[in-house]
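What follows is the residue order along each chain.
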Amino acid sequence: MTVFIEAAIKVAVAFVFIMLTTLVLVWAERKWVSDLQNRIGPDRAGPFGILQTLADGLKAFFKESIRPTQSIYLLYLVAPIAALIPALLIFLVIPIGAPIEIGGTTYTLQVMDLNIGLLYVLAVSSLAVYAITLAGWSSGSKYPLLGAVRASAQMISYEAAMGLALVPVVLLTSTTSIAGIVDAQQGTFGSFIPAWNIVLIPSFIIFLIAGFAETNRPPFDLVEAESEIVGYHTEYSGFAFALFFLAEYINVFNMSALTVTLFLGGWAGPVPSFLPTWIQWLVPVFWFLLKTWAFVFLFVWVRATLPRMRYDKLMTFGWKRLIPVSLAWIILCAVAIGFREFGAPWS
Amino acid sequence: MTVTISEFFKESANWAFLAIAVPTLFAGWRTVTSNNIVRAVLYLVVSLGGTAGLFFMLGAEFVGWTVVLVYIGAVIILFLIGIMITRAPLGQEADLSHAMNVKAPAALLSTVVFGVITWAMIDAFGNNMIPPFEPTATSDLSLLLFDRFVIPFEVVSFVLLAALIGGIAIARQDEEVVS
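Residues numbered from 1 in each chain as written. Chains lettered and ligands numbered in written order. Predicted model: local features only at pLDDT ≥ 70, side-chain atom pairs only at ≥ 80, totals over all residues. Heavy atoms only, no water.

## Observations regarding helix 3 (residues 37-57) of chain B
Residue and element names in this part refer to chain B. Helix length check: helix 3 (21 residues) gives 30 Å between terminal C-alpha atoms against 30 Å at 1.5 Å per residue, within 8%. Listed in full, the buried residues belonging to helix 3 are Ile37, Val38, Ala40, Val41, Leu42, Val45, Ser47, Leu48, Gly50, Ala52 and Gly53. Positive backbone phi, at 80°, marks glycine 59, one or two positions downstream of helix 3. (Helix = DSSP H or I, 4+ residues; strand = E, 2+ residues; numbered from the N terminus. Expected span 1.5 Å × (residues − 1). Buried < 20%, exposed > 50% of the residue type's maximum accessible area, 1.4 Å probe, protein only.)

Listed below in structure tokens is the structure:
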């Protein structure tokens with residue numbers, strides 16, 4: 001029974017955490033973008049406009065949700081929920097801090113640790129494409145349909161590159177469990193350089209680029225392209241649209257957290273041993289959040305800096321650059337790790 | 001060892017099995033009877049999701065998530081894109097019902113496949129019980145795949161490669177006619 005109680009508490013905490021994070025994230029993005037563009041940004045709702053997201057959320061909630069006459073209504077309603085659920089599910093396997101020990105029992109700061117965590121992450125994130133495809137098709141209009149086809153083609157292409165970029169990580173750490181990957185990064189090269197997976201630099205870069213495309217963020221935001229070309233959610237309004245919006249921001253945080261977990265040692269960082277125990281528990285969480293927010297800032301920075309890519313260039317880049325490079329890099333890594341494990345074949 | 005119906009319903013795991021298997025079967029049936037091609041594909045997704053669920057029940061996490069990743073997340077999505085690019089019916093107008101001379105061989109074929117697989121399962125396992133809820137380590141699975149079953153594995157990959165090249169060859173034929 002205690003297993004269920006522990007799981008329930010963890011899920012509840014994770015849910016509240018991710019919702020609060022998203023609330024801050026939306027506000028922070030608007031503030032940062034306006035700073036980068038020499039504007040003021042939201043400053044009326046609460047101190048520094050921090051309640052702006054809440055106000056926008058309430059507005060969306062009370063707005064009328066228009067029901068397109070040609071839509072297939074059940075699927076039209078299911079699509080935003082199908083966008084949100086994978087976003088929430090991915091967060092469940094990310095460890096946000098070092099395991100803590102209370103009264104002889106060790107608790108992990110991770111809702112669940114799967115033997116095949118990495119496969120789970122890829123599988124669940126591939127489900128997000130359904131939300132977009134369904135939204136476009138069930139709207140019963142040709143513009144969302146075109147937007148959905150374009151978006152799903154983009155997401156599938158970059159999903160392949162992302163999956164391939166993770167293979168060297170698995171080769172290096174020889175585990176697919178997310179907690180295992182973090183543990184494998186705890187050591188150091190020499191005496192002080194942390195042994196993070198970022199040494200797999202091509203993997204890291206490809207994963208990051210694919211992450212931008214997967215979350216539909218600029219410069220790959222043709223998926224929505226709110227200002228000029230129509231996207232899959234053209235027919236959505238009110239709360240249903242807000243759910244798509246929420247899912248996108250949760251995905252930005254998830255992608256940053258995954259990058260940190262897989263390549264930058266997760267919660268690894270120096271923990272001073274003179275501090276009281278409960279602060280020692282919080283220090284890894286602090287390191288995790290610091291690294292993750294640095295990547296969140298990168299997402300925002302890129303959005304404020306880079307223009308949108310043209311669609312054919314996007315597909316060429318994905319299929320003709322990223323995927324061949326990842327394949328070559330996998331072979332190189334496999335050979336190198338084979339040498340290290342088994343020695344040269346001729347010796 | 002046979003199980004009576006009342007014994008079957010006493011086991012709570014069997015209820016979970018039914019909760020997954022019945023929707024899976026229903027979705028499979030609707031996949032072949034739906035008149036709208038996009039709906040048929042979506043029922044196929046539900047059916048495959050149920051299959052993944054059954055694998056989870058058996059503790060085969062790796063196979064279950066692979067079904068989700070490969071079939072639901074990639075293959076079916078490609079179907080959907082293909083359909084939407086070419087002939088997405090925005091309403092219900094696409095009529096997929098076929099004449100009896102198409103339906104009968106399809107029904108026959110699927111019955112034969114079902115029979116062969118069932119026979120193979122019973123022949124191989126009989127009354128053997130698989131120890132419940134022992135998640136298979138991924139490393140054991142990969143050792144098996146790349147050691148004992150490496151030849152069948154490579155053969156399957158080779159067939160897929162041939163299919164890929166064939167697909168490219170068919171797709172490129174148009175260009176040659178033009179030039």
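Resuming the write-up.
## Some details on the interface of chain B and chain A
With 26 residues of chain B in contact, the opposing surface of chain A contributes 26 residues. Of the roughly 2200 Å² buried between chain B and chain A on both sides combined, carbon and sulfur atoms contribute 79%. Viewed at the interface, chain A and chain B are joined by zero salt bridges. Along the contact surface separating chain B from chain A lie one residue pair in polar contact (both at pLDDT 80 or more). Elements with a contribution of two residues or more to the side of chain B that touches chain A: helix 3 and helix 4 (61-87) of chain B. It is helix 4 of chain B that provides the largest number of residues to the side of chain B that touches chain A, a total of 15 residues. A breakdown of the residues in the side of chain B that touches chain A according to their chemical character gives 19 nonpolar, five polar and two charged. (Contact = heavy atoms within 4.5 Å. Buried area = accessible area lost by both parts, 1.4 Å probe. Salt bridge = Lys/Arg side-chain N within 4 Å of Asp/Glu carboxyl O. Polar contact = N/O pair within 3.5 Å; in protein donor to acceptor, adjacent residues only side chain to side chain. Nonpolar A, V, L, I, M, F, W, Y, C, P; charged D, E, K, R; others polar.)

## Let's talk about unusual backbone geometry
All names here are of chain A. For the bond from proline 218 to proline 219, the omega torsion is 5°, close enough to zero to count as cis. Residue position: proline 219 is located in the loop between helix 7 (201-214) and helix 8 (238-263). A positive phi is found at phenylalanine 48, a non-glycine position, where the angle reads about 55°. Here phenylalanine 48 lies in the loop between helix 1 (2-36) and helix 2 (52-62). Residue phenylalanine 48 is classed as exposed on the basis of its relative accessible area, which comes to 64%. Phi at serine 174 takes a positive value of approximately 45°, unusual for a residue other than glycine. Topologically, serine 174 is positioned in the loop between helix 5 (142-173) and helix 6 (178-184).

## Observations concerning the packing of helix 1 of chain A against helix 9 (residues 277-305) of chain A
Residues and elements named next belong to chain A. At a closest axis distance of 10 Å, the pairing of helix 1 and helix 9 adopts a crossing angle of 45°. The pairing of helix 1 with helix 9 is recorded here as oblique in orientation. Crossing of helix 1 against helix 9: the hand is right-handed. Contacts between helix 1 and helix 9 involve Phe17, Thr21, Val24, Leu25, Ala28, Glu29, Trp32, Val33 and Leu36 on the former and, on the latter, Leu289, Trp293, Val296, Phe297, Val300, Trp301, Arg303 and Ala304. Class assignment for the residues of the contact of helix 1 with helix 9 results in 14 nonpolar, one polar and two charged. (Axes fitted to C-alpha atoms, helices over the stretch in contact; angles between N-to-C directions. Parallel < 35°, antiparallel > 145°, perpendicular 65-115°, else oblique. Left-handed = near helix turned anticlockwise from the far one by under 90°.)

## Here we look at the environment of Ala98(A)
Residues and elements named next belong to chain A. Relative to the helices and strands, alanine 98 is located in strand 1 (residues 97-102). Taking the C-alpha atoms as reference, alanine 98 lies 30 Å from alanine 83; in sequence the two are 15 residues apart. Not counting the four nearest positions on each side in its chain, alanine 98 is found in contact with Leu109, Trp267 and Pro284.

By themselves, these observations are geometric and do not establish any function.
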